[in-house]
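Given next are the chains, with one letter for each unit.
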Amino acid sequence: MTRITAPFLDDPALKRVLAALSAEGAQALVVGGAVRNALLGEPVADVDIATSAPPEDSIRLAEASGLRAVPTGIEHGTVTIVAEGRGFEATTFRRDVETFGRRAVVAYSDRIEEDAQRRDFTMNALYADAAGQVLDPVGGLPDLARRRLRFVGDAETRIREDYLRILRFYRFLARYGREAELQALSACAALREGLRDISRERIGHEMRKLLDAPDPSRALALMAEAGVLPLVLPGADAGDMAELVAAEHDFGTGALPCWPRRLALLGAHDPAGALRLSRDEAREQDRIAQALALPAPEAAYRLGRRAAAQSVLIRAARGEPPPFGWCHAVAKGDQAQFPLAARDLMPDLSGPALGAALKRAETAWIDHDFALGRDQLRRIALEQDS
Ligand code: ATP
Ligand code: MG
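Since we're looking at a predicted model, the values are computed, not measured.

### Considering the nonpolar core
Counting residues in hydrophobic clusters, the biggest one holds 99 residues, and the most contacted among them are Phe-8, Phe-169, Tyr-170, Met-223 and Leu-233. Here the element with the most residues in this core is helix α7 (residues 164-176); it accounts for 9 residues. Counting 17 residues, the second-largest nonpolar core is a separate cluster that includes Leu-358, Ile-366, Phe-370 and Leu-377.

Following this line, the structure appears as structure tokens:
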């Protein structure tokens, strides 16, 4: 018997929820990522619950224990149970009964074996009870021990049920996999066209997670080889990803988020459209792309410190080592305020000439490391114009 110890198992709120759901003998188990990550010693983001109790019973059992239950995804059997101010998603065991290549139509089940069969990978079909005892209906434990990413059942069949699983395959391979079955790799390649019917939101969700893996370079190379990468991100080139990961280690980028920089490195034609980025995320991609065309201090001045720093790392990955002191230069550019204003040049100049003179002075100022004062800049602007 395998047992997990993880801080979430000691969480009184989770304990209350599991106890409530199992009060009349139903099974209530932690499932999926939380169990997998606890076994790997990796951090656990959220704890999902699977239960043999039908959704109506989950609600009734939760309320009988003084907990609030909200039917947040009742169409797929999910109820959010709130304990001590926190919500836990409890989903009734399900089995897939019919599929349309995208989402399965589901029926509830009271058998853990059936619930495990409809999950994507064996390492994601692990369950644990309140005491931490692991239940492994499809042989996920030995796979996880070898870090072997394996579909539950036949890879092609499972992909045809939900083509998003192609991307999930690369995502989990990037993060948790050492071995990938050849059969699964060729199924992903052969069925890639099915991804065209998957919403860009779902694709974007998986790609963000994939790009956030400590080192996504091998998975991305495999995606490129399988023709999957150009399909989800036209124009993307993952060739320098391993170098970017190395540069991130060299330059310590703890404060900066990962996936936007990695996405920018790929240089896709329209990352914002392809992955349905939010307006802020899209703006950040634009900024990094613009920063890549400028010296780092100027990029920091025009586009902010963050975009400039991201561009420095991307250029390092592309074989352009950052100049010494770039961090300081970027901070300086970010703080710099151009000291010359239009009114400083009036009435000597006006109209387009004024604009051009200001621009020239600004260029000179940037070239001099933002160190020229107003009088010097005024002279430069007026001299060159006369
Ligand atoms: P993470 O830590 O990244 O959240 P996770 O394993 O929790 O990893 P989720 O995407 O949150 O991944 O999904 C939760 C669980 O639901 C998975 O572990 C898996 O068992 C199941 N699952 C999610 N999406 C699918 C899918 N498209 N097909 C089959 N099973 C899925
Ligand atoms: Mg999860």
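Let us keep going from here.
### Focus: the pairing of strand β4 (residues 78-83)
Of all 6 residues making up β4, 6 are buried, and the element is well covered by its neighbours. Taking every second residue as pointing to the same face, both faces of β4 are buried, with Thr-78, Thr-80 and Val-82 on one and Val-79, Ile-81 and Ala-83 on the other. As paired elements, strand β3 (residues 68-73) and β4 share 4 bridges and run antiparallel to each other. The residue bridging Val-70 from the neighbouring strand is Thr-80, located in β4. In this structure, the hairpin formed by β3 and β4 is closed by a connection of 4 residues, where Gly-77 is found at a positive phi of approximately 80°. Pairing between β4 and strand β5 (residues 86-92): 6 bridges, direction antiparallel. Paired with Thr-78 across the bridge in β5 is Thr-91. Between β4 and β5, which pair antiparallel in sequence order, lie 2 residues; one of them, Glu-84, sits at a positive phi of approximately 50°.

### Considerations on the site of ligand 1
Ligand 1 sits among 13 residues. The nearest are Arg-36, Asn-124, Arg-165, Arg-168 and Arg-171. A distance of 3.3 Å separates an oxygen atom of ligand 1 from a polar backbone atom of Gly-33. Here an oxygen atom of ligand 1 and a side-chain polar atom of Arg-119 are 3.0 Å apart. In isolation ligand 1 offers 590 Å² of accessible surface; the protein chains occlude 80% of this area. Cavity membership is defined here by more than half of the atoms lying within 2 Å of grid points; on that basis ligand 1 lies in the largest pocket. Within the residue set of the shell around ligand 1, elements represented by two or more residues are α2 (33-40) and α7. In terms of residue class, the shell around ligand 1 is built from 1 nonpolar, 3 polar and 9 charged.

### A closer look at the domain arrangement of the chain
Interfaces are frequently sized by the accessible area removed from exposure as the parts join. Each assigned domain of the chain is listed here: domain 1 (1-146) and domain 2 (340-385). Taking only C-alpha atoms into account, the centre of domain 1 sits 66 Å from that of domain 2.

### Structural notes on the environment of Phe-324
When you line up the elements, Phe-324 lands in the loop between α17 (305-317) and α18 (326-335). The class of Phe-324 is exposed, set by a relative accessible area of 86%. The spatial distance from the C-alpha of Phe-324 to the C-alpha of Gly-267 is 26 Å, given a sequence separation of 57 residues.

### Re the packing of helix α13 (residues 259-266) against helix α15 (residues 279-291)
One can describe the packing of α13 onto α15 by two numbers: an axis separation of 10 Å at closest approach and a directional angle of 55°. When the axis of α13 is compared with that of α15, the two are oblique. Of the two possible hands of crossing, α13 and α15 adopt the one that is right-handed. Contacts between α13 and α15 pair Trp-259, Pro-260, Leu-263 and Ala-264 from the former with Glu-281, Glu-284, Gln-285 and Ile-288 from the latter. Of the residues that constitute the contact of α13 with α15, the class distribution is 5 nonpolar, 1 polar and 2 charged.

Conventions we followed
Sequence order as written defines the numbering, with residues in each chain counted from 1. A letter from A marks each chain and a number from 1 marks each ligand, given out in the order of writing. Owing to the predicted nature of the model, reporting of local features is limited to residues with pLDDT of at least 70; listing and counting of side-chain atom pairs is limited to 80 or more, with chain, interface and lining totals taken over all residues. Computation of side-chain values covers all heavy atoms of the structure but excludes hydrogens and water. Residues belong to a common nonpolar core when they are buried Ala, Val, Leu, Ile, Met, Phe, Trp, Tyr or Cys residues joined through side-chain atoms within 4.5 Å. We call a residue buried when its accessible area falls under 20% of the maximum for its residue type, exposed when it is over 50%, and partly exposed in between, using a 1.4 Å probe and counting protein chains only. In this description a helix means any DSSP run of H or I spanning at least four residues, a strand means any run of E spanning at least two, and both kinds are numbered starting from the N terminus. Strand pairing is defined by DSSP finding a minimum of two bridges between the two strands. Near residues are defined by distance, with any heavy atom within 4 Å of the molecule or strand qualifying the residue. Between N or O atoms, a polar contact is any pair within 3.5 Å; within protein, one atom must be a potential hydrogen donor and the other a potential acceptor, and residues adjacent in sequence are included only when both atoms are from side chains. With residues, only the protein chains shown are counted as cover, and all accessible areas are computed by Shrake-Rupley using a 1.4 Å probe. Within this scheme a cavity is a closed region of a 1 Å grid, computed over the protein atoms alone, that accommodates a 1.4 Å probe without allowing it to escape, whereas a pocket is open but has protein on both sides within 12 Å along at least five of seven lines; lining residues each have an atom within 4 Å of a point. For this analysis, a molecule is said to be in a pocket or cavity if more than half of its atoms are within 2 Å of the grid points defining it. Under this grouping Gly is polar, as are all residues other than the nonpolar Ala, Val, Leu, Ile, Met, Phe, Trp, Tyr, Cys and Pro and the charged Asp, Glu, Lys and Arg. Marked domain ranges trace back to an automatic or database domain assignment. In this description, a line fitted to the C-alpha atoms serves as the axis of each element, helices being fitted only across the stretch in contact, and the angle between N-to-C directions of two axes falls anywhere from 0 to 180 degrees. The cut-offs work like this: below 35 degrees is roughly parallel, past 145 is roughly antiparallel, 65 to 115 is roughly perpendicular, and the gaps in between are oblique. By convention, the crossing between two helices is left-handed when the near helix turns anticlockwise from the far helix through less than a right angle, and right-handed when the turn is clockwise. Any two residues whose heavy atoms approach within 4.5 Å are treated as being in contact.

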